[in-house]
Structures are given as C-alpha cells and as structure tokens.
Amino acid sequence: MTPPAIVIIGGGPAGMSAAVAAATQGLSCTIIDEGFALGGQIYRKPTNPERAPAPHPRGEQLRAEVAKLAQQIQVRNGDNVWGIFDKLRVAVTSPDQHTELLQPQALILAPGAHELVPPFPGWTLPGVMTPGAAQILIKTMGVAPGKRVLLAGTGPFLLAVACQLVDAGVHVVAVLEASSRPAWLSLPLHGFRTPEILAEGLAYLSKLDRAHVPVRYGRIVVAAQGETELNAVEHAPVDAEWFPDNNRIETEQVDTLLVGYGFVPRVQLAQMAGCNLELRPDVGGWIPVRDRNLATSIAGIFAAGDGAGVAGSLVAALEGQLAGMAAARFLGAIDEATFAAARDSIEQELARLKPLRRALDKISALQPGLMSLVRDDTIVCRCEEVTWREAREAVCAGSTTYRSLKMTSRAGMGACQGRFCWPFLSRLVAAEAKCSLADIGPPSARPPLGPITLGALAPEPRDK
Amino acid sequence: MTNTADVVVIGGGAIGASVAFALARRGASVTLLDASTPGRATSASAGGLWSLGESLGLGCGVILHTAQQGAGDGPAPLPRTLMDFLWASNLRFPSLAAELRTLCGIDIEAEAATGLLYLVYDEEQERHASRIIEWAGSDHGAVEKWTPQHIRDRDPLITHDLRSAIHFPGDNQVNPMLLTEALKRGACAKGARYLAEARVRALRCSNGRIVAVESDKGTIACGAVVNAAGAWGAQIARLAGIEIPIQPVRGQIICTEALRPGTLRSNLSTRDCYILQKAHGEVIIGSTTEYCDFNTEVRYEDMCSLAAGAIRAVPALRNVTLKRAWAGLRPGTPDELPILGAAAELENFFHGTGGFRTGIVAAPLTGEVVAASVLGQTPEFPIEPFLASRFQRIYV
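Keep in mind it's a predicted model, so treat the numbers as computed, not measured. (Residues numbered from 1 in each chain as written. Chains lettered and ligands numbered in written order. Predicted model: local features only at pLDDT ≥ 70, side-chain atom pairs only at ≥ 80, totals over all residues. Heavy atoms only, no water.)

Asker: Quick one: what's the story with the overall build of chain B, residue by residue and with numbers?
Answerer: Helix and strand counts for chain B stand at 13 helices and 18 strands. Taking 2.2 N^0.38 as the reference for a compact globule, 396 residues should give roughly 21 Å; the C-alpha atoms of chain B span a radius of gyration of 21 Å, in line with that estimate. Counting the 396 residues in chain B, one finds 61% classified as buried. With an accessible surface of roughly 14,300 Å², chain B has 51% of that area assigned to carbon and sulfur atoms. (Helix = DSSP H or I, 4+ residues; strand = E, 2+ residues; numbered from the N terminus. Rg over C-alpha atoms; globule rule 2.2 N^0.38 Å. Buried < 20%, exposed > 50% of the residue type's maximum accessible area, 1.4 Å probe, protein only. Areas by Shrake-Rupley, 256 points an atom, 1.4 Å probe, with all protein chains shown as cover.)

Asker: Break down helix α9 (residues 313-330) of chain A for me, citing the residues and quoting the values.
Answerer: Residue and element names in this part refer to chain A. Its 18 residues give α9 an end-to-end C-alpha distance of 25 Å, which sits within 8% of 26 Å, the value for a rise of 1.5 Å per residue. With 14 of its 18 residues buried, α9 lies for the most part within the structure. In the stretch just after α9, Gly-332 is the one whose phi turns positive, near 80°. (Expected span 1.5 Å × (residues − 1).)

Asker: Run through the domain arrangement of chain B, naming residues and quoting values.
Answerer: You'll often see interface size given as the accessible area lost when the parts meet. Residue and element names in this part refer to chain B. Split into domains, chain B comes out as domain 1 (4-43 + 177-245 + 335-395) and domain 2 (48-77 + 100-172 + 247-332). Facing 27 residues of domain 1, the contacting portion of domain 2 comprises 33 residues. Taken together, both faces of the contact between domain 1 and domain 2 bury some 2,300 Å²; the carbon and sulfur share is 68%. Summed over the three residues of domain 1 that lose the most area to domain 2, namely Glu-336, Phe-356 and Arg-357, the buried surface amounts to 33% of that side. Inspection of the domain 1/domain 2 interface yields one salt bridge. Here Glu-54 ties to Arg-357 by a salt bridge, and the two come within 3.0 Å at their closest N and O atoms. Where the side of domain 1 that touches domain 2 is concerned, the elements lending two or more residues are α9 (176-189) and α12 (359-374). Here the side of domain 1 that touches domain 2 takes eight residues from α9, the largest share from any one element. (Domains from an automatic or database assignment. Contact = heavy atoms within 4.5 Å. Buried area = accessible area lost by both parts, 1.4 Å probe. Salt bridge = Lys/Arg side-chain N within 4 Å of Asp/Glu carboxyl O.)

Asker: An account of the sheet that holds strand β11 (residues 171-177) of chain A is requested, with residue identities and associated values reported.
Answerer: Residue and element names in this part refer to chain A. Taken together, five strands build an open sheet; the order of strands is β9-β16-β10-β11-β12 and the sheet is parallel. In this open sheet, the two strands that pair with only one neighbour each are β9 (128-129) and β12 (215-217). Pairing of β9 with strand β16 (residues 256-260) involves two bridges; the strand directions are parallel. Paired with Met-129 across the two strands is Leu-258, which belongs to β16. (Pairing = 2+ DSSP bridges.)

Asker: Residues and numbers for the sheet that holds strand β13 (residues 219-225) of chain A, please.
Answerer: All names here are of chain A. With antiparallel pairing, the three strands of this open sheet are ordered in space as β13-β14-β15. The strands lining the two open edges of the sheet, one partner per strand, are β13 and β15 (250-253). Averaged over all adjacent pairs, the angle separating strand axes in this sheet is 30°, with direction ignored. When β13 meets strand β14 (residues 232-237), the two strands line up antiparallel, connected through six bridges. Directly across from Ala-224, in β14, lies its bridge partner Val-233. (Axes fitted to C-alpha atoms, helices over the stretch in contact; angles between N-to-C directions.)

Asker: Talk me through the nonpolar core; I want residue IDs and the actual numbers.
Answerer: With 52 residues, the main nonpolar core has Val9(B), Leu23(B), Phe85(B), Ile108(B), Leu179(B) and Val226(B) as its most contacted residues. For this core, the secondary structure elements donating two or more residues are β1 (4-10), α1 (14-25), β2 (30-33), α5 (80-90), α6 (93-104), α9, β11 (218-227) and α12 of chain B. When we break this core down by domain, the ones giving at least three residues each are domain 1 (4-43 + 177-245 + 335-395) and domain 2 (48-77 + 100-172 + 247-332) of chain B. Contact partners of Ile108(B), with chain neighbours within four places excluded, come to Phe93(B), Ala97(B), Leu100(B), Val174(B), Asn175(B), Leu178(B), Leu179(B) and Ala182(B). In terms of nonpolar packing, the next biggest core, distinct from the first, is built from 48 residues, Leu176(A), Val233(A), Trp242(A) and Ala391(A) among them. (Core = buried A, V, L, I, M, F, W, Y, C linked by side-chain atoms within 4.5 Å.)

Asker: Go over the domain arrangement of chain A with me, naming the residues and quoting the values.
Answerer: All names here are of chain A. By domain assignment, chain A separates into domain 1 (6-114 + 264-334), domain 2 (117-261) and domain 3 (374-440). Once you take the C-alpha centre of each, domain 2 and domain 3 turn out to be 27 Å apart. Counting residues at the interface gives seven residues for domain 2 and nine residues for domain 3. Summing the contributions of domain 2 and of domain 3, the shared interface buries around 800 Å²; its carbon and sulfur component is 71%. It is Pro-119, Trp-123 and Thr-124 that lose the most area in domain 2 upon contact with domain 3, and together they represent 59% of the buried surface on that side. Inspection of the region where domain 2 meets domain 3 yields one residue pair in polar contact (both at pLDDT 80 or more). In terms of residue class, the side of domain 2 that touches domain 3 is built from six nonpolar, one polar and no charged. (Polar contact = N/O pair within 3.5 Å; in protein donor to acceptor, adjacent residues only side chain to side chain. Nonpolar A, V, L, I, M, F, W, Y, C, P; charged D, E, K, R; others polar.)

See the structure below:
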C-alpha cells in the first residue's frame, strides 16, 4: 500500500473539511480518528439512530462530501495516534494493538479540544461529569446520564447539551451560567453579521424556556455533595470576577451534575512533533504557533480547528479547508494563484465569524473567583489523586514549574499527562507562586498519548 | 535575602542536593542553585542502586560499553575502586533513608530486599558472567548463580526460557526524585538556601578564585563553588575557563501503568534492558546508551526494542499498558568514572559530576567526599582516582 500524501489526525469538522479540500485537488489523504465514525464530538454520529437525537445537518453534509471522495480519502476509525516521531512519522495503533508508522509528506493536525473543569469540593464524586460526556451517552447510546440533571459552567455549549437532554426526556433542573445576563444580552451587537448563529442560540433558549428549564446567570457550583455518589449540588451567585457569595448558597437535589467551563486545545501531538507553542488563554491556553496558511513551525505540519485555538465548529471547518489547501500548495498540487484565491475567500468568511466569537470568548473568559473553590483536601490531579494541600506544599518548597511540581508532588504524572488537571492547576500554582502561566509552562507531551500495550510495540513472530 | 554563601552548589539533581546536604550538615552556609532543564538525569533515572551490577559490566548498555567495543567480548572491568566506591555509597542508603524520614518526613522508598537478577539467556552470556563474577570476588556480599527453578520460585513471571541468573543481593532501588527532594529539604532544614529556576550565567573569577556566581535569581558572592551540573557539567566548568570531558549520554526509558506492587519482586537486568517495579506500582524499562548531544527525543525504534526486551524477560508484560516514554542525559566521561573533588586550575572550584549510569547510587557518598574536599577535610573514601586532573595526564 502506498503511503498517503497527507495524514489528517482528527475526523471532526476541521479534519473532514481538510480532507475534502486536499482530496479535491487530487491528493490522497488518510483521516485517522479515535471515534467509531467521522464527525468528532460536535457532529458525532449516533450508533442507534432510533434512540438518539437526529444528527446535525452540517455533520451529515461533511460526511457525505468525504464519502463522495472515497477514492482519495481513506478513513481509519477507532485508531489511536499516540506519537509523532522525527520526519513526520505518525505512530498509529488499532484496537487489536497492531501498530503502524505512517510517513506522509504532509500532516494536518485537527485533534479538537477537551473540556475544562475546575477542581471544587466533591468534583470527583460519581455523578459529576462533563457536558461532553453526557452528550456522548445520549448521542451514541441513547442513554440518559441521570434522572435529575444540573448543568453548570459557561458558554453556549451548555445550552446545546441542555436541549439535547430535554429532547432525550431527561429532567434538566437548571442551567447555571457563570457570566452575567447583561453580558449575554450584548451579544447581538457583536453578532449582527452572523444572524444564523444568534438564531441558533435563541432557539436553544426558547426550547429550554418551553421545557421550563431555568437558565440562571451569574451563578456557579461551589460544591458537590454525596457520600458514595452525587446527591446534591451547592451553588451561589458570583460577582464580576466570579467570586461566590457564600452567604447566598442554594442547594439542589440532583443525581447528575454536568460541569464545563469551555475547552482546552489538544496540543500534545503538535508539541511532540516539535512545533513551537504560544500561550493564548483567550482561545483555551497553549496553542501551536501558526502562520497565515495555518502552517506550524515544522515544515509540512499544519494545524486547524479547536486543537489550534478554540473557536467552534464553523471556524474549524473553514480552517480545515484552508489547511487542506495549504497542504496541497505545500505539495505542489496547486499553484500559488489558486491557493491565494481560495485563502482570500476563506479568510473573508472567517472575518465574518470573528466578532461574535471574540465576544463569546470574552464573556466566557475564566475569572479568578473560580480558583477560589478548591480546598486543602480537594483533589487537583485525578490520575495520581494529589490534593491541593500536597501540590501547594510542593509549590511553597519551590516547585513552581510543571516539571518540578510533577516530580515533587506527582501532579500530572498520570496517564492523562496533565491534560485534564493542568489547565486549572497551573492557574492555582500561578496564583500561589505569584508567577505567570507562561513561566510555569505547558505539560510535556510524551509518547504514548493514548493507551497502547507493550505488545503493540513488539509484534509476536508470525505463525507459519 | 543574603547574597553571600560559603559554598554555592550548582545543580539541583541527586548529586547537588547530596553535596548541599552534606555541607549544611557540617555547618557551612550553602546556596543550592537549581534549573529545571529537559533531560535531567536524576528525574529521568529509574533509581536502580546497582553498585555491583553496573560496575561489573553485565546487562544492557553496560557501563563498560565503550571499553567493550574496543576490547572484544572479554571482561574489561573498570578500576575496582569504582565498584568499592559505589558499594560503600550503597551501604549508606538504609541510614540515610531513616535520617531523611525523621528530618523532613519524606520516605525515599529505599527498597531493602529487591536485589538484582541478571538473566542469562545463552551459553556465551553464561561464560561472560562467570568470568566477571570471578573477577568481582566475594568482597561485596554473596553474589549467587540461581537456577531456573530458583528464579521461578522467587519471581514466577520471569521467562522460563533462560539458562540461569546471577543474583546480586545488595543491589536494590530507591525513588530518585524523592531522594533528591528529601536531600534538598534536609539541606534546607540544616540552614541551606534553595533557589529554583536559578540558571547560572557566569562565574566571576579574581586572582585564581571564583568570587561570585551570577544566576537568573541574582548574584551570590561565595567562598567556594561546586559543579554538580550533571550532563551540563562541562558547560559550567567552561564558565570558569576550565575544560572537563563531560558528554551527555542519552538513555531512553519506557514505563507501564501501575501494577499491583510486588508483581515483580526482583530488579531485572538482561542484555536487552533492565526492568524494575517502583513502589508506586509502575514498571520501568530502560535504557539506551547513546551519544546524541543534548537531544532528549524518544525514538520509536528504541521504544520497540525496549518493549521487546521486556517481553522476552517477563512475557506477561505483553498485555500491560504503556504509560510513558522519556529520555534523560547521563553525564558521561571518557573513562566512565566520575569527576569529583578540587579542580586544579582554581583554588575554590570543585566537581561533583560524571556519575554516568551510577549517579543515584553514588549520591550519598559523593555528597560526603565532595563536602569534605570543599571544607579541607580528608574524604572518607580516597578520591584521587576521580580527580579531574587525571585527564590532563592522559591528554597532555
């Protein structure tokens, strides 16, 4: 089998669009995605269409476009890309632990983002999960995450998931949005060029209204209660910096709490490939440095979508197109004029989406009050079960960088390599040590990013 | 904050922390300068305390790899003094562990009875091993040859497809990061000052002495300086206008998810790799031995060969999940002996580097002998063979 010209990691909107753009120019592409079907998180395909909500039309359309180009686009679902080695060598392991090294001429990273959850008392109780996790349960399996559900955090994704839960017949007790109502009411000022997105948001709100699901602004969850599993949630109103007013705590009896405060770009593959990173808290944290053509600092590697800075599915699809065209240009499949024309039209569309996106980023920007919830005995690194007391003592003893805090407290030393805990832990450390997030640095990314067995690296001699 | 110290120790790894601890215990005012740099050997290290196994030249990427390349397959052991030095250092771990636990509440996980098993797969290895054991003599405990049955009784997960194993009872293990942290905090408890992220930029010299160390955390006027910068030791020495032949030697390591502690009772060494289970449950499989400047990348092919070597030794590891791979940079020297003690060129500059594969096991005694040299006392172990001046004799 000849190696593909382009390997695309991630089969969400960015990855699918990149494949379509590059394949249309006659290039062979392989999309590798850990999910069982293309779509990513946002356009996840239901396993059982009868029990799950109808798939999003934009996702269906992208899947259809990929399918039309099946001659050029190979799709590998369920496979785990766990390392990028020198010279664009991509290590992929299938669920049966068969490992291959792919060596394409260009690589497009479109791995998406994961959710951001702050540590707070009780956050590790069974019954506390992310909105994304609940979405997977509903979409792929048609399973409700619980009977009485509370959503908390910030951003429009909460509203989208709340609506899906309502459609699935789940009792949604309330949606708690940390930012104030006036901030949200100002959105139309920024979104007049993107009325279709505003309309989508209003549709969510009116559906929740009809279902009698209150959306309560300016409130955050301060603690989750329960002995062996969640049975109640404490929440409180917050000031402009999201510091809760602990005299006005309300308690809600629920069995499920979905918490999400936005997203963190999955930057580990770019990091492993040696791409330069920059710190951009406004789009989720550390991201690969990219030029106008979405090229990273390593020749032949492009980055698109939320994995290169969280901006949502519409931006991701456009960036995917641009990265696909840029890779085609890089490989000489199109000339500069063709590429420049395509880039101009994509950039115009990106510019149209920008004001609303910026306004949303501002509304949902993390505020320092969120860091005040952690207590001494709150676990801050779930893989290694490190408490804030242990981490803070290490910080006070001088461990104020990722590397040294990991060595002394084990925080970030687990299987997730700090992907889950570090976005918040780094903020806690910065506050404690009075240093900047940039000084603390991103977690290091080491192979394997996803789980593989030792056997996946040492194939058994084949039987005759 | 005072910006003077009797002694500035450059390098916050196991050696630097041990030197700082030994100096502080002797009443010297010490400032320990640390800088977290990718590839630090202490944090990359597996923490095997293999005073015999490593100095005898058995196992993968053995300490004699360079010598052996020149000398064919016969045993070409290092000077016996290294084995004696490492053995004496290793003996200090039990009391050091107790002292550090009392002083700063850290358990350095110094395992007492794991021992090291060198697995012998074929006849040639068996001949090689016998010659080396004979050379080692019986000065350092009961080195034994174990039968396959004996191995199986002790560690049933070890492959049955082997001829024998050599058992080194004193070669145990420690947690190198906790060791270093405890030594550091112990030093601070005895009055030392620790500065994190204090990369050294310059050494100010005057009249044949270093008078101050310039770092990212300020300039410190000092009476003496210890170079414990590991693989970066040559760079620090160069700041004082001195050349020492330290070269980074990369070691790549892979590590599994945590298994039930005690799954592997012995530390294992084979010609492909070493394998040891840490107190936390993870199994560490190392390591390559390669010159590649300061590059700390992990190579796919090396991960594969370490995995294959581990599965050969312990077949059940095949289905165990791999958690992480990383690489560290050992401070290597041309004769594979450490560089310790006074630099001839400057009257108050001392080395504590060149630990190569055995820096962790050497750390307790290295701290003692370097501290003694700095303070003009007689080291409890003669360090003449380890002085940097030996290289001038060779090269001049």
